[in-house]
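One letter stands for each residue in the lines below.
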Amino acid sequence: MKHLLFIYAILSFLVAGGLLFKNSGKAPLTLGVFILMLGLEILVFLYGTSPFINLYPEYYIQYYYLSGFIFGPLLLWHLQLCIRKSFTLRPVHALHLLPFLLAIIYLWDILQMSGIEKLIYIQENFMEVIMPLNYVRAMHLVTYGVVMIILLARKGFSLAPKERLYTWLITAIYFISCVTISWFTEFANTWRDFDVYYVITSTLTLLIGYLLYTDPDFLKQITRKYMKSTISAKDKKRISKKIEEAFKDPKLCQRNDLSLSDFALHIEEKSHHISQTFSEVINESFQEHLNRHRIELAKQLLTNPEYKRFTIEAIGQKAGFNNKVTFGQSFRKFAGCTPSQYRKENPSTNRKSC
């Protein structure tokens, strides 16, 4: 297993190098740094569980305990760059690195010790000094995993199928890894028990590497979708008006199979021009805008006496949604309450807002 982990570490460096030097943009950069740090952590783990630690003790705990406080922020920034085309990293985002700085302060005295001193001190004080940091590190990792799941639950459904698959896949890999290392932090008997964690984490992460290898321009397609577009401001304004005119027809929204390409044919414009107009003028994706209009139609149906006997699911289907779950999520997002609450609080004779 040690040999497998060493191979995984080398592969991580190769994947990270491809992302860092062959791609432009902050999304490939954040993912490349994430994978590079994972490869370094694997090497540090192999070093810490081998005789090399006695030959070169000065490197002990120089990296491992601190790196865990950077993984979460890096991957969260990567997801935000993939999901929100307008997202940019600002100085305020450096606040995510505050736990990393606090960890350095916590370990500062130990980091200043010589190699032999560190080994002796940690062996004698591991449970009192290092285990609390381990628990905080595990909680930090899991917290970012939960934040990423919430982010995707709120924003992910508006992504294209390929983008949605990628973002959920990388989030699932991270969350599974965080839960695994948290379990080992509590129940592992020795450092060697963490072999399983690193094998799982590395295997899943390299699956992402394979995805990017088979489609090297994938991240560029997500994060730089409109950079080469030559559409003018005048054309965007014209297309925006055509979009709003088209959405005035409720029958369009009721088509539960309506796609961006179908809509492009409907208003006789190019798909990528429409997508750019949505992003830069309307500030919503095509799917978000479509669901917003569907919810307005659903609100009318819920307060219409003729549809009083219709179930919530039937109302959603009538408004153009394929299933009750998507209907409920979209209704809460755009109306601020559930369809049942809206119907209860807005009878046909009293049409108040949520």
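Cut-offs used in this document
Residues numbered from 1 in each chain as written. Predicted model: local features only at pLDDT ≥ 70, side-chain atom pairs only at ≥ 80, totals over all residues. Heavy atoms only, no water. Helix = DSSP H or I, 4+ residues; strand = E, 2+ residues; numbered from the N terminus. Buried < 20%, exposed > 50% of the residue type's maximum accessible area, 1.4 Å probe, protein only. Areas by Shrake-Rupley, 256 points an atom, 1.4 Å probe, with all protein chains shown as cover. Salt bridge = Lys/Arg side-chain N within 4 Å of Asp/Glu carboxyl O. Patch = residues over 30% accessible without salt bridge, like charges linked within 9 Å, V, L, I, M, F, W, Y side chains within 5 Å. Expected span 1.5 Å × (residues − 1). Axes fitted to C-alpha atoms, helices over the stretch in contact; angles between N-to-C directions. Parallel < 35°, antiparallel > 145°, perpendicular 65-115°, else oblique. Contact = heavy atoms within 4.5 Å. Nonpolar A, V, L, I, M, F, W, Y, C, P; charged D, E, K, R; others polar. Phe/Tyr/Trp six-rings, centres within 6.5 Å; stacked < 30°, edge-to-face > 60°. Core = buried A, V, L, I, M, F, W, Y, C linked by side-chain atoms within 4.5 Å.

Scanning the protein for helices and strands turns up 17 helices and zero strands. Burial analysis of the protein (354 residues in total) assigns 45% to the buried set. Here the protein has roughly 19,000 Å² of accessible surface; of this, 61% comes from carbon and sulfur atoms.

Moving on to the pattern of salt bridges. The final tally for this structure, using the stated rule, is ten salt bridges. As a salt-bridge pair, K248 and E245 come within 3.0 Å of each other at their nearest N and O atoms. Neither residue differs from the other here; K248 and E245 are each classed as exposed. Across the pair D262 and R255 runs a salt bridge whose closest N-O atoms are separated by 3.9 Å.

In this section: a nonpolar patch on the surface. Taken together, the side chains of F6, I7, I10, L11 and L14 make up a nonpolar region of the molecular surface, amounting to roughly 460 Å² of accessible area. Secondary-structure assignment places L14 in helix α1 (residues 2-22). Overall, the relative accessible area of 59% leaves L14 in the exposed class.

This brings us to helix α14 (residues 286-302). The terminal C-alpha atoms of α14 lie 24 Å apart, and with 17 residues this matches the ideal 24 Å at 1.5 Å per residue to within 8%. In terms of burial, α14 is a largely internal element, twelve of the 17 residues being buried. Along α14, the positions that sit buried rather than exposed are F286, E288, H289, L290, N291, R294, I295, L297, A298, K299, L301 and L302.

A few words now on the packing of helix α10 (residues 233-246) against helix α12 (residues 260-267). Look at α10 against α12: their axes get within 11 Å of each other, and the N-to-C directions meet at 100°. Our classification of the angle between α10 and α12 gives roughly perpendicular. Here K242, I243 and A246 of α10 come into contact with α12, specifically with F263, H266 and I267. Grouping the amino acids of the contact of α10 with α12 by side-chain chemistry returns four nonpolar, one polar and one charged.

So, on to the packing of aromatic side chains. Aromatic ring pairs: the centre-centre distance and the angle between the two ring planes describe each pair. Under the definition given, this model contains nine aromatic pairs. Judged by centre distance (5.8 Å) and plane angle (80°), the ring pair of F327 and F331 falls under edge-to-face. Of the two residues, F327 and F331 are both situated in helix α16 (residues 324-335); the distance of four residues between them amounts to about one turn of the helix. In terms of burial, F327 and F331 fall into one category: buried. Relative to Y342, the ring of F331 has its centre 5.6 Å away and its plane inclined at 70°; by these criteria the two rings are edge-to-face. Within this pair, whereas F331 is found in helix α16, its partner Y342 is found in helix α17 (residues 339-345), the two being separated by eleven residues in sequence. The burial state of F331 is the same as that of Y342; both residues are buried. Ring pairs connect the aromatic residues F247, F263, F278 and F286, which therefore count as one cluster.

We now examine the nonpolar core. Grouped together as the largest cluster of nonpolar side chains are 51 residues, with contacts concentrated most on I61, L107 and Y174. Mapped onto this core, the elements with two or more residues apiece are α1, α2 (26-48), α4 (64-83), α5 (98-111), α6 (115-155) and α7 (161-187). With 13 residues, α4 is the largest single contributor of residues to this core. For I61, the contacting residues outside a window of four places in its chain are L107, I110, L111, K118 and I122.

What follows concerns the environment of Q317. Within the secondary structure, Q317 is located in helix α15 (residues 312-318). A C-alpha to C-alpha distance of 9.9 Å links Q317 and R294, two positions 23 residues apart in sequence.

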